[in-house]
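# Structure at a glance
In case you want the letters, here they are:
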Amino acid sequence: MTDTAAIEASPIRPAGIDATALNPAHRATSLTRMTGEVLDVLVVGGGVTGVGAAVDAASRGLSVGLIEERDYAAGASSKSSKLIHGGLRYLEMLDFALVREALRERRLLLTTIAPHLVKPVAFLWPLTHRIWERPYLAAGLLLYDTMGGRRAVPRARQLSRSAALAAAPGLRPDALIGGVSFFDTQADDARMVAMLARTAAGFGAALATNVRMEHTLRAGDASPGTMPAQRVVGVAARDLLHDADITIRARHVVLATGAWTRGDQLQVRPSKGVHITVPRARIAMDFGLLMRTEKSVLFVIPWGDHWLIGDTDTEWPYDPAYAAASRADVAYLLAKVNGVLREPLTEADIQGVFAGLRPLVAASAAADTTKLSREHTISSPAPGVSVIGGGKYTTYRVMARDLIDAAATDLAGHGGGRVPASVTHALPLLGADQWSQRWSARRETAARCGLPLSQVERLLNRYGSCTDDVVRLIAARPDLGELLAGAGGYLRAEVVYACTHEGAIHLEDVLARRTRTAIEVRDRGVAAAADACELMATELGWSTPRRERELASYLARVAAQLAGETAHDDESAYRALRPTAGSDAVSCPEAGADSR
Ligand SMILES: Cc1cc2nc3c(=O)[nH]c(=O)nc-3n(C[C@H](O)[C@H](O)[C@H](O)COP(=O)(O)OP(=O)(O)OC[C@H]3O[C@@H](n4cnc5c(N)ncnc54)[C@H](O)[C@@H]3O)c2cc1C
């Protein structure tokens, strides 16, 4: 398919019914479809890989369902360093194929697929060794810039020590002897997953969060006695909102369950990574920072009014649902970054802490997870099912394509027709339409809707063309144009829009992923929680007990996380988090026809 043909196939949003709107009505219709039809493909897991697979399959014309136990991006896909990058460190590990592929994806995302969400970011690599380091890094960065193909970001530049310090006066003068600046790109990982999910819905995919796969169903299970119990023909699942068992039938099931992947499906070895956020004003620096550590690298990444500092890389042998940061993780990050800062950071500077699990594939017995490859692996433990592990956020599209290619091969060999090739390389996500025109017209938009220019720019970079929806909402209800108090710069309209269009079901979905309040304000969103809960309650028609449960669950989760951060090791941090109803999803089952 040509690029133009794919672009013409972008999800359409006619006036009236918006097929891309994820809300309780979409969830109900999706579950009716998933339990009533035999789907071509059922995707399990709503991280970037799963929703990417749903976009890939649905845009090839397949009938697709997706279930996610918690929320879109509730796993690693909201806990990453938020870089869309080739990964300089993989270049150093001589993993050229991975870097080339990731840089190609970076360019596609920045220019075609998600220009509204993916933005260039400048980094400084401080040099600390005389003679060899500058030419070594220069050669690496030349390769990095060249491997990306047609240039999407500016080239790397050599900086003298004084030029580097002028751009980064927050660094200690003895911390570097010079520097190199280079560009990579970044995106709000959780928001991009929500946009991918909406894009999939626009192509007709049925999606439902708060639905857990219990186990796969074999042919013999589904129709006892007719066939040997072999081929996977669907899944047994549980609708966690209604506390109900459901059966979903599909010709092919793909498992994109990240760190939750079981050993009999694929050997995944979860590796924990922790980040902290601190106020932007605390480090005077025009660039992000990339520094070498003993085992890996440390990033200090600009993130709105904050710096994102990370990350760690350690084995996580506990339940993936309760990945927790410990005091040791936080102390490690502070010690590393303080090694180069004029004014050291303290725990009092920390605004947010988050931990996620990389779903690395345990292909080798490498003792150290930093040495495990970031390439992805697809396996088929039984006919009718494909499982994916490994990979990186940046290469989600390639992973999704390969996964659906595997499903297509199986479908074709099992009596289905030929499935068309993937078109996602040329498929802009929802919100990408007329991006450059919209960005150029941002001042006029601000004047027209009465919002400050800075807010319009922020909205455009989060919603792209769907900013129009948010602006319309504010025009109809001007109180929604006000800031959500205590949330760190988000508008009240964004809470409502998260419910009506972005599939938010629990209070945590809004505070942790549709907005990033939970990692951006010091109290982790506690002060904003009651107001956000009221807005959601009105929008979703919650009963008083439901409101109370949502608020209490969110506050309990924050308290448990804070307790975990004072624990000295992983096991105690895990135990601190474990007793809450869920670290990432608050299960609020409600009997009855709706989830109020
Ligand atoms: C600390 C850290 C930093 C990173 N930084 C970067 C970076 O800067 N750039 C980059 O490219 N990559 C980065 N990565 C890697 C990237 O985040 C992951 O590779 C990617 O997000 C994995 O996505 P996924 O969809 O495979 O898994 P996940 O996002 O974990 O999604 C799996 C989903 O499956 C769901 N699930 C599990 N079991 C079930 C079930 N039984 N039924 C229904 N649903 C289920 C889970 O709830 C979860 O939402 C980083 C990772 C970490 C942890």
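Computed from a predicted model, the values in this text were never measured in an experiment. (Residues numbered from 1 in each chain as written. Predicted model: local features only at pLDDT ≥ 70, side-chain atom pairs only at ≥ 80, totals over all residues. Heavy atoms only, no water.)

### Examining the overall build of the protein
A count of helices and strands for the protein gives 21 helices and 18 strands. Compactness check: the protein gives a C-alpha radius of gyration of 23 Å against a globular reference of 25 Å for 596 residues, within 12% of the reference. Each of the three principal axes of the protein carries a C-alpha extent, and together these read 75 × 55 × 50 Å. Within the protein, contacts between residues at least 6 apart in sequence are counted, and of these 75% link residues at least 24 apart. If the 67 positive side-chain charges of the protein are averaged to one point and the 66 negative ones to another, these points end up 4 Å apart. (Helix = DSSP H or I, 4+ residues; strand = E, 2+ residues; numbered from the N terminus. Rg over C-alpha atoms; globule rule 2.2 N^0.38 Å. Contact = heavy atoms within 4.5 Å. Lys, Arg positive; Asp, Glu negative; His and termini not counted. Charge placed at Lys NZ, Arg CZ, Asp CG, Glu CD.)

### So, the site of the ligand
With respect to spatial proximity, 36 residues lie near the ligand, and among them Glu68, Arg70, Ser77, Leu83 and Thr394 are the closest. Backbone polar atom of Ser81 to a nitrogen atom of the ligand: 3.0 Å apart, as the coordinates give it. Within the complex, 95% of the 1,000 Å² of free accessible area of the ligand lies under protein. Among the elements of the structure, helix H3 (48–59), strand E2 (64–68), strand E8 (211–218), strand E11 (268–279) and strand E16 (352–361) are those that each provide at least two residues to the shell around the ligand. Considering only residue class, the shell around the ligand consists of eleven nonpolar, 16 polar and nine charged. (Near = heavy atom within 4 Å. Polar contact = N/O pair within 3.5 Å; in protein donor to acceptor, adjacent residues only side chain to side chain. Areas by Shrake-Rupley, 256 points an atom, 1.4 Å probe, with all protein chains shown as cover. Nonpolar A, V, L, I, M, F, W, Y, C, P; charged D, E, K, R; others polar.)

### Comments concerning helix H20 (residues 544–566)
An ideal rise of 1.5 Å per residue puts 33 Å on 23 residues; H20 measures up with 34 Å between its terminal C-alpha atoms. Looking only at H20, the buried set comprises Arg546, Glu550, Ser553, Tyr554, Arg557, Val558, Ala560, Gly564 and Glu565. Buried residues belonging to H20 abut helix H10 (327–338), E16, helix H17 (507–514), helix H18 (517–520), helix H19 (526–540) and helix H21 (570–577). (Expected span 1.5 Å × (residues − 1). Buried < 20%, exposed > 50% of the residue type's maximum accessible area, 1.4 Å probe, protein only.)

### Examining the nonpolar core
Membership of the largest hydrophobic core comes to 91 residues, with the highest contact counts inside it found for Met192, Leu207 and Met536. Beyond its immediate sequence surroundings of up to four residues, Met536 is in contact with Val495, Cys499, Ala504, Ile505, His506, Leu507, Val510, Gly541 and Trp542. Judged by nonpolar contacts, the second largest core, of 33 residues, contains Leu165, Ala167, Trp307 and Val337. (Core = buried A, V, L, I, M, F, W, Y, C linked by side-chain atoms within 4.5 Å.)

### Section: the side chain of His501
By secondary structure assignment, the location of His501 is in helix H16 (residues 492–501). Separated by 2.8 Å, the side chains of His501 and Thr500 make a polar contact.

### Describing the state of the cysteines
Taken as a whole and judged by the stated rule, the model has zero disulfides. In this model Cys499 remains outside any disulfide bridge; the closest cysteine sulfur is found in Cys533, 10.0 Å from its own. Using a relative accessible area of 1% as the deciding quantity, one classes Cys499 as buried. (Disulfide = S-S within 2.5 Å.)

### Some details on the pairing of strand E18 (residues 385–390)
Of all six residues in E18, six are buried; the element is thus mostly enclosed. In terms of strand pairing, strand E10 (residues 244–255) meets E18 through three bridges, oriented parallel. Paired with Leu255 across the bridge in E18 is Val387. Both strand E17 (residues 376–382) and E18 contribute to a ladder of five bridges, which runs antiparallel. Bridge pairing links Ala382 to Val385 in E18. Linking E17 back to E18 in an antiparallel pair, the connection comprises two residues, with Gly384 at a positive phi of about 90°. (Pairing = 2+ DSSP bridges.)

### Details of the packing of H3 against helix H8 (residues 189–202)
Close contact between H3 and H8 brings their axes to 8 Å; oriented N to C, the two are set at 25°. Comparing their axes, H8 and H3 come out roughly parallel. Handedness of the H3/H8 crossing: left-handed. Facing H3, whose interface residues are Val48, Val51, Gly52, Ala54, Val55 and Ala58, H8 presents Val193, Leu196, Ala197, Thr199 and Ala200. (Axes fitted to C-alpha atoms, helices over the stretch in contact; angles between N-to-C directions. Parallel < 35°, antiparallel > 145°, perpendicular 65-115°, else oblique. Left-handed = near helix turned anticlockwise from the far one by under 90°.)

### Topic: the packing of aromatic side chains
Under the counting rule described, the total for this entry stands at nine aromatic pairs. Consider the rings of Tyr322 and Tyr574, whose centres lie 6.3 Å apart with planes at 65°: the pair is edge-to-face. Of this pair, Tyr322 sits in the loop between strand E15 (314–315) and H10 while Tyr574 sits in helix H21, and the two are 252 residues apart along the sequence. Judged on exposure class, the residue Tyr322 and its partner Tyr574 are both buried. Taken together, the ring pairs connect Phe123, Tyr144, Phe182 and Phe299 into an aromatic cluster. A cation over a ring is seen here: Lys82 above Trp303, with NZ or CZ 5.8 Å from the ring centre. The ring of Trp307 is capped by Arg280, whose NZ or CZ atom sits 4.8 Å from the centre of that ring. (Phe/Tyr/Trp six-rings, centres within 6.5 Å; stacked < 30°, edge-to-face > 60°. Lys NZ or Arg CZ within 6 Å of the ring centre and 35° of its normal.)

### As for helix H14 (residues 453–463)
Taken together, the buried positions of H14 are Gln455, Val456, Leu459, Leu460, Arg462 and Tyr463. Residues of H14 that are buried make contact with H8, helix H12 (435–440), helix H13 (442–449), helix H15 (467–476), H16 and H17.

### Things to note about the confidence of the model for the protein
Taken residue by residue, the protein gives an average pLDDT of 90. The fraction at 70 or more is 90%. Contacts of residues 581–587 to residues separated by more than four positions or lying in other chains number 19 contacts, the stretch itself having pLDDT below 50. (pLDDT = per-residue confidence, 0-100.)

### Observations regarding a nonpolar patch on the surface
Side chains of Leu94, Phe96 and Leu143 sit close together on the surface and give an oily, nonpolar patch of about 270 Å² of accessible area. Among the secondary structure elements, Leu143 is positioned in helix H6 (residues 133–147). Owing to a relative accessible area of 34%, Leu143 belongs among the partly exposed residues under this scheme. (Patch = residues over 30% accessible without salt bridge, like charges linked within 9 Å, V, L, I, M, F, W, Y side chains within 5 Å. Salt bridge = Lys/Arg side-chain N within 4 Å of Asp/Glu carboxyl O.)

### A word on the environment of Ala530
Within the secondary structure, Ala530 sits in helix H19. Accessibility expressed as a relative area gives 40% for Ala530, which makes it partly exposed. For Ala530 and Ala362, which are 168 residues apart along the polypeptide, the C-alpha to C-alpha distance reads 43 Å.

### Some remarks on the side chain of Asp410
Here Asp410 is to be found in helix H11 (residues 396–413). Contact partners of Asp410, with chain neighbours within four places excluded, come to Arg231, Arg251, His252 and Gly384.

### Observations concerning the environment of Leu540
By the secondary structure assignment, Leu540 is in helix H19. C-alpha of Leu540 to C-alpha of Ile276: the two residues are 264 residues apart in sequence and 33 Å apart in space.

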